[in-house]
Amino acid sequence: MAEQKHGVSRSPPVSSFIFICLLSVFINLDVAVGDGSSPSMVQYTPADNYLINCGSPDSTFLDDGRTFKSDPQSASFLSTEENILASVDSISNIISSSSSFPSSSFPLYTSARIFSGVSMYRFLIFRPGRHLLRLYFYPLAHPSYNLTRAFFTVKTDSIVLLHDFSVKDNTRLVFKEYLLNVTSDKISLTFAPMRNSFAFVNAIELVSAPDALFSDSASAVSSPVGVFSGLSNYAFEVSYRVNVGGPIIPPKGDILWRTWQPDDRLMTFPQGAKNVSVPPDIINYPEGGATPLIAPNLVYSTASEMADSGTANPNFNLTWTMSVDPSFSYLIRLHFCDIVSVSLNDLYFNVYVNGMMGVSSLDLSTLTSGLAVPYYKDFVLNASAISNGSVMVQVGPSSGIPSSLPNAILNGLEVIKMSNSAGSLDGLFSVSGTHQNTLSGSRMMKIAEAFGLVMGIATILLLVMAIIRWHRRPQGWEKQGSFSSWLLPFNSSHCSFMSSKSKSSYSSVFSSGLFSRFFSFNELREATKNFDENAVVGVGGFGKVYLGELEDGTKLAIKRGNASSSQGINEFQTEIQFLSKLRHRHLVSLIGYCDEQSEMILAYEYMANGPLRDHLYGSTLPPLSWRQRLDICIGAARGLHYLHTGSAQGIIHRDVKTTNILLDENLLAKVSDFGLSKAAPSLDQTHVSTAVKGSFGYLDPEYFRRQQLTEKSDVYSFGVVLFEVLCARPALDPKMPREKVNLAEWAMQQHRKGLINEIIDPSIVGSIGSESLMKYVEAAEKCLAEYGVDRPSMGDVLWNLEYALQLQEASSQLNFHEDTVMEQPNKPKTKGDPNVVVSDDSGVVNGSPLFLKVGDFQGR
Ligand SMILES: *[C@@H]1O[C@H](CO)[C@@H](O)[C@H](O)[C@H]1NC(C)=O
């Protein structure tokens with residue numbers, strides 16, 4: 001009876017469906033899904049959409065329609081500038097062996113960025129909430145870095161994503177996908193090499209995920225059985241995403257650009273299963289519940305059912321087994337869609353997760369009131385219920401309802417790792433580097449029971465070893481976790497050299513392979529026309545500064561020490577060694593020196609546009625735009641940040657002011673006059689006393705009280721610089737009425753009264769976006785806090801200035817866009833309609849339409 005029913009009424013439609021479907025899947029992939037025109041497709045526009053092909057010289061256009069920008073274009077998100085591009089490599093052999101990887105993503109693996117020190121990408125988040133983060137890794141061949149030997153940690157501000165991670169196998173592409181709940185308006189992504197190693201990444205995606213993707217609760221399958229709530233407190237890593245019974249679905253076939261793998265290798269007894277499929281467009285999404293965002297119709301239109309369905313032997317389950325890390329809990333999402341029944345209420349089956357009943361007699365017809373209507377269900381599987389290192393999903397006929405056909409189906413399957421109590425998705429270290437011993441309480445008991453005392457002791461030994469290892473952790477580990485610090489690979493001079501080399505203009509000087517070269521006295525005498533007074537461009541504590549020109553045309557700023565100085569030649573040489581190591585795009589470089597004939601001469605790169613102050617006031621130079629000023633402040637902040645954090649001991653500049661920020665021919669800002677005071681006491685004195693005289697108005701008030709300079713003194717001075725840049729007046733102007741003499745005090749006073757606009761440089765006041773101004777003044781104000789501890793670090797100041805720049809660009813983009821829209825009224829509406837975003841953006845700090853444009857600007 002059952003046999004006949006199976007033979008007559010079920011088989012023919014199913015087999016023809018398979019045929020039609022094979023065709024339509026491909027058609028669908030290429031046409032309907034790709035352009036999103038199918039009626040069942042919902043439109044989804046992510047508020048945040050960062051796509052970066054790291055290390056790629058150009059933008060990368062994938063055949064799935066997306067454009068990944070190269071790092072340089074996204075450089076404002078990359079906080080370190082020390083990086084190296086790997087050579088493009090052929091990965092064709094891997095392509096042919098990676099059937100489970102969508103070929104559209106291969107171009108993302110052909111370049112990489114290598115980090116030899118802790119490096120950080122920072123992203124502004126325009127819409128807090130769940131975000132998809134995708135990371136691509138492949139160890140490309142590189143002449144000086146063996147990428148299979150890279151060991152590193154990847155983390156956000158609060159979640160460790162990968163710990164002591166490496167890709168040793170260069171025959172495999174590695175793809176990681178995370179779902180992070182971002183609650184603030186920014187997120188950082190840090191790559192931290194393990195000791196003596198380095199890090200790399202091939203591509204990064206950070207994309208807003210729709211709120212509806214995950215609710216806060218799921219069914220708990222292990223104890224306590226019931227409802228598990230609080231999912232939004234967890235970070236997720238997708239371990240498996242499977243299109244059961246169907247082919248791979250590449251990113252192009254999914255609105256959220258997800259990849260769905262085929263299930264072939266996961267089934268325990270594939271002979272017992274049979275693939276079913278229907279044309280995707282008969283899938284009928286319900287009013288509430290599953291949507292194309294939950295899973296595309298390609299997932300619901302294919303399934304596995306029991307090969308023996310309808311026969312007398314219903315006595316087995318369809319079983320999928322996925323190996324997982326048993327120390328984590330998992331969220332398991334199962335997708336169902338009844339594409340096998342010919343009438344309603346034909347199909348009832350049980351669903352088990354790791355042997356435990358998930359749903360007893362699942363009745364899809366009743367739940368969805370129709371056939372071919374998608375349904376999904378979430379389960380949480382506690383780590384304690386994962387005994388053999390795998391997640392097992394089973395569907396099997398329900399014995400309770402004898403009238404039904406014995407059959408069971410599954411259409412899709414997602415296994416998602418949940419972060420542990422250390423806030424990690426990989427290991428037991430938290431972002432701050434502390435090791436969380438979760439092997440306590442009940443879990444320890446369980447282990448002791450299961451493996452006996454011997455194992456227990458072994459565990460303790462392992463822990464002890466881990467702790468010892470932890471105590472030997474690389475220096476500066478804990479610093480790496482703090483939000484404000486991103487260290488540059490200061491000590492690895494090799495790396496600095498590589499990157500300096502790529503920075504064109506002084507390559508002739510560096511070509512010797514040394515940082516600072518030796519100049520003969522005659523060479524420098526010729527360069528300065530015998531130290532001609534007309535060549536003097538400045539006078540500092542150290543002596544006179546001359547503009548010199550070498551025979552090859554290289555211009556130098558040459559500082560000649562006072563011959564009467566008591567400083568010994570040895571100290572001078574120590575000084576040179578020390579300064580030679582300081583190499584950064586935003587520090588004026590020491591190019592060489594001369595110590596012949598008891599001369600002490602230092603040669604620096606020449607900064608064609610001179611000190612920043614000359615561009616602000618007291619000269620006839622044209623005023624700088626707001627954008628230029630922001631760029632200059634950001635550059636100077638980067639230089640100072642490098643001084644403070646780039647070396648083990650940290651260097652305090654001690655004399656931050658607008659005359660010590662120099663501009664090169666492209667108005668690139670570089671901090672000058674640093675370090676000289678650090679290691680040389682005799683120079684120190686001259687320098688500091690000059691500083692006190694010359695830099696009144698910049699001095700940290702706390703310094704007067706405590707007579708102790710810290711890097712927070714530099715932060716204070718930089719706050720004064722920020723107001724000087726904004727208001728274009730000296731830090732101290734004795735000619736002004738009393739309350740206005742000191743710029744720092746005056747500006748803070750005006751700001752408190754809400755009158756800051758009145759003192760802004762009139763030549764730019766109209767062009768500053770209000771959000772940008774707010775952020776900038778806020779940053780300056782924080783720098784000027786009475787006590788050092790209340791002042792931000794240079795890293796935080798830098799971040800706020802970058803933010804101010806982004807806001808400025810966003811507002812000018814918007815203005816520009818509005819203008820264009822007026823001229824071309826029939827521009828596509830989808831992106832330009834600000835209302836869409838305003839209503840969506842309620843949680844954003846600045847919930848204004850301009851964020852829409854920022855999104856566009858960043859490569860949507
Ligand atoms: C299906 O699997 C569950 C859980 O592992 C088990 O209890 C049940 O007996 C199995 N059913 C059949 C028919 O083998």
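Remember, predicted model here, so these are calculated numbers, not experimental data.

Here's the deal with the UniProt feature "transmembrane region" (unreviewed entry) in the chain
In step 1: Under the feature "transmembrane region" (unreviewed entry), the UniProt entry names residues 12-33, 106-125 and 450-470.
In step 2: Taken end to end, residues 106-125 has its terminal C-alpha atoms 27 Å apart, with 0% of it in helix and 45% in strand.

A short note on the site of the ligand
In step 1: Contacts to the ligand come from Asn315, Phe316, Asn317, Tyr352, Gly355 and Gln394.
In step 2: Between the ligand and the protein, one listed contact pairs an oxygen atom with a side-chain N or O atom of Gln394 at 2.8 Å.
In step 3: When the residues that make up the shell around the ligand are grouped by side-chain class, the tally is 2 nonpolar, 4 polar and no charged.

Details of the pairing of strand E16 (residues 236-243)
In step 1: Across the 8 residues that make up E16, a large majority, 6, are buried.
In step 2: Sheet topology note: the strand E10 (residues 174-182)/E16 ladder contains 2 bridges and is antiparallel. Within the sheet, the bridge partner assigned to Leu179 lies in E16 and is Phe236.
In step 3: Inspection of the sheet shows E16 paired to strand E27 (residues 412-418) by 7 bridges, in the antiparallel sense. By the bridge assignment, Val238 is partnered in E27 with Ile416.
In step 4: Here E16 pairs with strand E17 (residues 261-262) via 2 bridges, running parallel. Note on E17: the bridge partner recorded for Val242 is Gln261.

Quick look at unusual backbone geometry
In step 1: One non-glycine residue, Asn354, lies in positive phi territory at about 45 degrees.
In step 2: Its place among the elements puts Asn354 in the loop between strand E22 (349-353) and strand E23 (356-362).

Thoughts on the packing of aromatic side chains
In step 1: Evaluated as defined, the whole model comprises 23 aromatic pairs.
In step 2: Ring geometry for Tyr121 versus Phe123: centroids 6.2 Å apart, planes at 5 degrees, classification stacked.
In step 3: For Tyr121, a relative accessible area of 1% gives the class buried.
In step 4: A ring pair is formed by Phe137 and Phe165, whose centres lie 4.9 Å apart and whose planes are at 55 degrees; its orientation type is tilted. Of this pair, Phe137 sits in strand E7 (residues 129-137) while Phe165 sits in strand E9 (residues 160-165); the two residues are 28 residues apart in sequence, bridging distant segments of the chain. You'll find Phe137 and Phe165 in the same group, each marked buried.
In step 5: Taken together, the ring pairs connect Tyr50, Phe115, Tyr121, Phe123, Phe137, Phe152, Phe165, Phe191 and Phe200 into an aromatic cluster.
In step 6: Between Arg241 and the ring centre of Trp260, over which it is positioned, the NZ or CZ distance is 5.6 Å.
In step 7: Between Arg333 and the ring centre of Phe214, over which it is positioned, the NZ or CZ distance is 4.3 Å.

Calculation rules
- Residues numbered from 1 in each chain as written.
- Predicted model: local features only at pLDDT ≥ 70, side-chain atom pairs only at ≥ 80, totals over all residues.
- Heavy atoms only, no water.
- UniProt positions renumbered as here; feature names shortened; annotations may be inferred.
- Helix = DSSP H or I, 4+ residues; strand = E, 2+ residues; numbered from the N terminus.
- Near = heavy atom within 4 Å.
- Polar contact = N/O pair within 3.5 Å; in protein donor to acceptor, adjacent residues only side chain to side chain.
- Nonpolar A, V, L, I, M, F, W, Y, C, P; charged D, E, K, R; others polar.
- Buried < 20%, exposed > 50% of the residue type's maximum accessible area, 1.4 Å probe, protein only.
- Pairing = 2+ DSSP bridges.
- Phe/Tyr/Trp six-rings, centres within 6.5 Å; stacked < 30°, edge-to-face > 60°.
- Lys NZ or Arg CZ within 6 Å of the ring centre and 35° of its normal.

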